[in-house]
Amino acid sequence: MAFCARAVIHALMAMGALSDLTFAQTATPVSADKFRDLTMPFDDRLVNYFFGAAKPPTGETVELRAKGPILLHIGRFNRLPTGARVTLRVKTLNGLELARWVTEMDPERWYIRQIDLPDKAHLLEITIVDWAEGGPTERHPFTLILEAWPLSGNSILELPMQNDSRESTDPQFLTSLPPTCKMVSVSSKRVDYIERFSEATLSGLPVGVPVQRIFSAGGYLLISPPIGMAADNKLTIRLSVKHPDDGPYVEVCPATEFFGGSIESLEAALPTHGPNSLWRVELTIAKPLPAAEKTKIWLTRERTFSLFPDEPGWDDVFGLTCFDRRTNFVGVSQTTNPFGGRTKLKVLVPAVGSVPIGIDERAAAEIAILQAASLWVYSCVACRNDNLAVISINDKTYVSSNLYTAVGPPRGTEDSPFEPLDREESLKNFLGNSRIGVGTWSLQYLHVKNPNKEFAQLCSANTSDKTPTLKRVQEAICTDTVRPDNTANIRINFKMRETACGNDPNIVGCRADHELTQYNVRDYRFISQRSGVSIGSGPTEIDLLQAVLHEMGHWIGIDHLTGGESIMTSSLEQARCIDFQTVKVLAEQVYDNNGPPKVVLPQALTLRKKPSK
């Protein structure tokens, strides 16, 4: 896969008239740190292209107009066992070929290459031949995507329009066709093209407070009228959408009202969005719904595939991020503060003082903790690459999927040599792939039943000060005792009585101190949208992950924020996602907070916004 820059230079020198041009390409994938620095500020000139007809023998070709340093990123949406052939040609604007590289792409790895072009505009011709059986077709779903970033302010990166039958791959074209939103008696889609994929229970929704639900629904969504709702009640629905990537939500449908006894459904379509767009459905009920009635709505989408077929729900988790690429964190250093500098997180749930919870409830809490940690790690531009690479929940060990790939069990039949210096570099690269701006979805954590056995090579490796990342990870996985400067702690309690924030029934959760978080299960029940399991006996339903994400933000050190959609606003009436404001505050507080922990007063997450005094 690696290319040799020397061979490229020789090829160019052979073209006498072109000897003044210089091309450079990385011999190895760009390191995670360099990648993050180069792509900041995140540029809205990012180019996406989906390969939809890349079958042998000819494959599919796309041509970019480019100048200056750029970064190419090619990989799969789904897991297929076979790779692809990538051919990259550099040409002048009049079509003269200057250089060519051909490589076979590993099916399990992304193709990442930096190209340093001269100051004059050139054409980059990228041809993909996909060897995957049943791979790309002329229709969705696509299995290969090209992402390209300009790496300097002077870089040019454009995807020229070929003809009027433009594919939905140009960011400008993606927003040029308006969505449709209307009430219908029956779906406008053929029955065999759609699937009823989810249901949302309305019983237990708080009265007058919008509640969000996030779904991977592609370019089409049909919401049925409420079943079992009284005629004098009203359900208000708002629909927003975004791609499964960094970016804010865009409204698709304004407030649409359903009354009890309605027979029409709400149908929304996005002509130019991909098959994995994330929808945010906001539900507001006018009057209480008895829990016994089980009032619900059904959601229908076009048939599609899941980005994470083995871990359903992880793609929806990404709907809790909504920042765009127009950030400005150039030069933000990595940190060693209690969040950004810790390799291992130890969680106790439930801690002493909590009401007891069952096995299913504990499993739901563990998943929410892992997902929330994944989102905060992804959103922290100043954290070390190995930040929270290992999480221990009640003595069960979880490791990030990137860590497992880099230093986990050997994949071949024979053990490959474990060279610490080589593994140090690959480990930093892999761990950096869970960071903002690298085009990946939320990081997954894998349960490791016997760490010393599954990571035998790592645990027996001779690490040193020359391999600091490897050394920290080795300590976090292979030993029971981790140095205080390499670990952090969280304790979680479910309370049937007063919390440290008070006894107000409007309090959903409370950050009590540096480690303890309390959840009010007397007035609320916290539900896992993935499994349907709930914790608590209160009459009002709260999304478990949304609450855990907010409280973990306090544990990191973020106070309540105002304005925008930040998950860190003080009430669930407004808190939606990790937005740009949240990312900015996280970067700044992580960067500036290298001293002793600041004094923490209890902070309450409420259901409704408190009236201003």
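Residues numbered from 1 in each chain as written. Predicted model: local features only at pLDDT ≥ 70, side-chain atom pairs only at ≥ 80, totals over all residues. Heavy atoms only, no water.

**Student:** Even after reading the chapter, I still don't get the overall build of the chain, so can you show me in this structure?
**Tutor:** When helices and strands are tallied, the chain shows 12 helices and 30 strands. Relative to all contacts within the chain whose residues are 6 or more apart in sequence, the contacts with residues 24 or more apart total 78%. When the accessible surface of the chain is split by element, carbon and sulfur atoms take 52% of a total near 26400 Å². (Helix = DSSP H or I, 4+ residues; strand = E, 2+ residues; numbered from the N terminus. Contact = heavy atoms within 4.5 Å. Areas by Shrake-Rupley, 256 points an atom, 1.4 Å probe, with all protein chains shown as cover.)

**Student:** Quick question: what am I supposed to make of the state of the cysteines here?
**Tutor:** Linking two cysteines covalently via their sulfur atoms produces the bond known as a disulfide. Counted according to the given criterion, the structure contains 5 disulfides. Note on cysteine connectivity: Cys501 is disulfide-linked to Cys510, with sulfurs 2.0 Å apart. Looking along the S-S bond of the Cys501-Cys510 disulfide, the torsion reads about 80°, which is the right-handed sense. (Disulfide = S-S within 2.5 Å.)

**Student:** Sorry if this is basic, but what is going on with the nonpolar core here?
**Tutor:** For soluble globular proteins, the rule of thumb is that nonpolar side chains tend to be buried together. By size, the foremost hydrophobic cluster in this structure holds 67 residues, and its most contacted members are Phe339, Val347, Trp376, Tyr445 and Phe526. Looking at this core, the elements with two or more residues in it are β20 (344-348), α5 (359-379), β21 (390-393), β24 (487-495), β27 (524-527), α11 (544-556) and α12 (580-592). The element contributing the most residues to this core is α5, with 11 residues. Those residues within four positions of Phe339 in sequence are excluded, and the remaining contacts are Trp376, Val377, Cys380, Cys383, Asn387, Leu388, Trp555, Ile556, Leu586 and Val590. Judged by nonpolar contacts, the second largest core, of 28 residues, contains Val47, Tyr49, Leu117 and Ala148. (Core = buried A, V, L, I, M, F, W, Y, C linked by side-chain atoms within 4.5 Å. Buried < 20%, exposed > 50% of the residue type's maximum accessible area, 1.4 Å probe, protein only.)

**Student:** How should helix α7 (residues 420-432) be read in this particular structure?
**Tutor:** Because each turn of an α-helix spans 3.6 residues, side chains separated by three or four positions end up pointing in the same direction. Between its first and last C-alpha, α7 extends 18 Å over 13 residues, near the 18 Å set by a 1.5 Å rise per residue. For α7, the full list of buried residues reads Pro420, Arg423, Glu424, Leu427, Phe430, Leu431 and Gly432. (Expected span 1.5 Å × (residues − 1).)

**Student:** How should I be thinking about the sheet that holds β21 in this particular structure?
**Tutor:** Remark on secondary structure: sheet strands pair via backbone hydrogen bonds, oriented parallel or antiparallel. Pairing in this open sheet of 8 strands is mixed, and the strands run β23-β22-β21-β20-β24-β26-β25-β30 from one edge to the other. The strands lining the two open edges of the sheet, one partner per strand, are β23 (445-448) and β30 (603-606). For this sheet the average axis-to-axis angle between neighbouring strands, irrespective of direction, equals 20°. In this structure, strand β25 (residues 507-511) lies alongside β30, joined through 4 bridges in antiparallel fashion. In the strand pairing of β30, Ile507 is matched with Thr606. Along the sheet face, α5 touches β20, β21, β22 (396-400), β23 and β24 and points at about 155° away from the line of β21. (Pairing = 2+ DSSP bridges. Axes fitted to C-alpha atoms, helices over the stretch in contact; angles between N-to-C directions.)

**Student:** Whenever I open this one, the pattern of salt bridges confuses me. Can you help?
**Tutor:** Opposite charge on two side chains makes pairing possible when the charged atoms of those side chains draw close. A full pass over the atoms with the stated rule returns 27 salt bridges. When the shortest N-O distance is used, the salt bridge between Arg280 and Glu282 registers 3.5 Å. A relative accessible area of 3% places Arg280 in the buried class. Between Arg522 and Asp523 there is a salt bridge whose closest N-O contact spans 2.8 Å. (Salt bridge = Lys/Arg side-chain N within 4 Å of Asp/Glu carboxyl O.)

**Student:** Looking at this structure, how should I read α5?
**Tutor:** End to end, α5 covers 31 Å across 21 residues, agreeing with the expected 30 Å (1.5 Å per residue, within 8%). Across the 21 residues of α5, 15 count as buried, placing the element largely inside the fold.

**Student:** Explanation requested: the pairing of strand β26 (residues 516-520) in the structure shown.
**Tutor:** For a regular strand, side-chain orientation follows a simple rule: the groups alternate between the two sheet faces. For β26, a buried count of 5 out of 5 residues is recorded, marking the element as mostly surrounded by other parts of the structure. Neither face of β26 is open: one carries Leu516, Gln518 and Asn520, the other Thr517 and Tyr519, and all of them are buried. As defined by bridge partners, β24 adjoins β26 across 5 bridges and the pair is classed as parallel. Of the residues in β26, the one forming a bridge with Ile492 is Thr517. Hairpin connection between β25 and β26: a loop of 4 residues separates the two successive antiparallel strands.

**Student:** Looking at this structure, how should I read the packing of α7 against helix α10 (residues 468-478)?
**Tutor:** Packed helix pairs are characterised by how far apart their axes lie and by the angle those axes make with each other. At a minimum axis distance of 8 Å, the contact between α7 and α10 shows a crossing angle of 80°. The orientation of α7 relative to α10 falls into the category roughly perpendicular. Contacts from Pro420, Arg423, Glu424, Leu427, Lys428 and Leu431 in α7 reach Pro468, Thr469, Leu470 and Val473 in α10. Taken together, the residues that form the contact of α7 with α10 break down as 6 nonpolar, 1 polar and 3 charged. (Parallel < 35°, antiparallel > 145°, perpendicular 65-115°, else oblique. Nonpolar A, V, L, I, M, F, W, Y, C, P; charged D, E, K, R; others polar.)

**Student:** Could you clarify how one ought to interpret the side chain of Glu282 in this entry?
**Tutor:** Within the element layout of this structure, Glu282 appears in strand β18 (residues 278-285). Judged by relative accessible area, Glu282 falls into the buried class, the value being 14%. There is a polar contact of 3.0 Å between the side chain of Glu282 and the side chain of Arg576. When near neighbours in sequence (up to four residues on either side) are disregarded, Glu282 contacts Pro210, Val211, Gln212, Thr236, Ile237, Arg238 and Arg576. (Polar contact = N/O pair within 3.5 Å; in protein donor to acceptor, adjacent residues only side chain to side chain.)

**Student:** Would you take a moment to explain the packing of α5 against α11 for this structure?
**Tutor:** Direction vectors running N to C along α5 and α11 enclose 55°, while the axes themselves pass 9 Å from each other. Relative to α11, the element α5 lies oblique. As for how α5 packs across α11, the hand of that crossing is right-handed. Of the residues in α11, those in contact with Ala364, Ala365, Ala368, Ile369, Gln371, Ala372, Ala373, Leu375 and Trp376 of α5 are Leu544, Leu545, Val548, Leu549, Met552, Gly553 and Ile556. In terms of residue class, the contact of α5 with α11 is made up of 14 nonpolar, 2 polar and no charged. (Left-handed = near helix turned anticlockwise from the far one by under 90°.)

**Student:** Even after reading the chapter, I still don't get the confidence of the model for the chain, so can you show me in this structure?
**Tutor:** Low pLDDT means the predicted coordinates in that region are not meant to be read closely. On average, residues of the chain carry a pLDDT of 79, and 77% of them reach 70 or more. Residue range residues 1-43 is modelled with pLDDT below 50. Its contacts to residues more than four positions away, or to other chains, number 98 contacts. Here residues 305-312 is a poorly scored stretch, pLDDT under 50, and it has 21 contacts once near neighbours within four places are set aside; other chains count. (pLDDT = per-residue confidence, 0-100.)

**Student:** Please explain the environment of Asp559 as it appears in this structure.
**Tutor:** By the element assignment, Asp559 lies in the loop between α11 and α12. Taking the relative accessible area as the measure of exposure, Asp559 reaches 36% and is therefore partly exposed.

**Student:** What exactly am I supposed to notice about the packing of aromatic side chains here?
**Tutor:** Aromatic ring pairs: the centre-centre distance and the angle between the two ring planes describe each pair. The tally for this structure, following the rule as stated, stands at 6 aromatic pairs. A centroid spacing of 5.1 Å and a plane angle of 75° characterise the contact between Tyr49 and Phe51, whose relative ring orientation is edge-to-face. Accessibility assignment for this pair places Tyr49 and Phe51 in one class, buried. Geometrically, the ring pair formed by Phe494 and Tyr519 is tilted, given 5.8 Å between the ring centres and 35° between the ring planes. With Phe494 in strand β24 and Tyr519 in strand β26, this pair connects stretches of sequence that are 25 residues apart. Across the pair, exposure class does not vary: Phe494 and Tyr519 are buried alike. Through a chain of ring-to-ring contacts, the aromatic side chains of Phe494, Tyr519 and Phe526 assemble into a single cluster. The ring of Tyr249 carries Arg280 above its face, with NZ or CZ at 4.2 Å from the centroid. When the ring centre of Phe197 is taken as origin, the NZ or CZ atom of Arg301, which lies over that ring, is 4.4 Å away. (Phe/Tyr/Trp six-rings, centres within 6.5 Å; stacked < 30°, edge-to-face > 60°. Lys NZ or Arg CZ within 6 Å of the ring centre and 35° of its normal.)

**Student:** Mind showing me how you'd approach the environment of Glu475 here?
**Tutor:** Following the sequence through the fold, Glu475 ends up in helix α10. Note on Glu475: relative accessible area 15%, which makes it buried. When the C-alpha positions of Glu475 and Thr343 are compared, they lie 9.1 Å apart, and in sequence the two are 132 residues distant. Apart from the residues lying within four places of it in its own chain, the contact partners of Glu475 are Thr481, Val482, Arg483 and Asn486.

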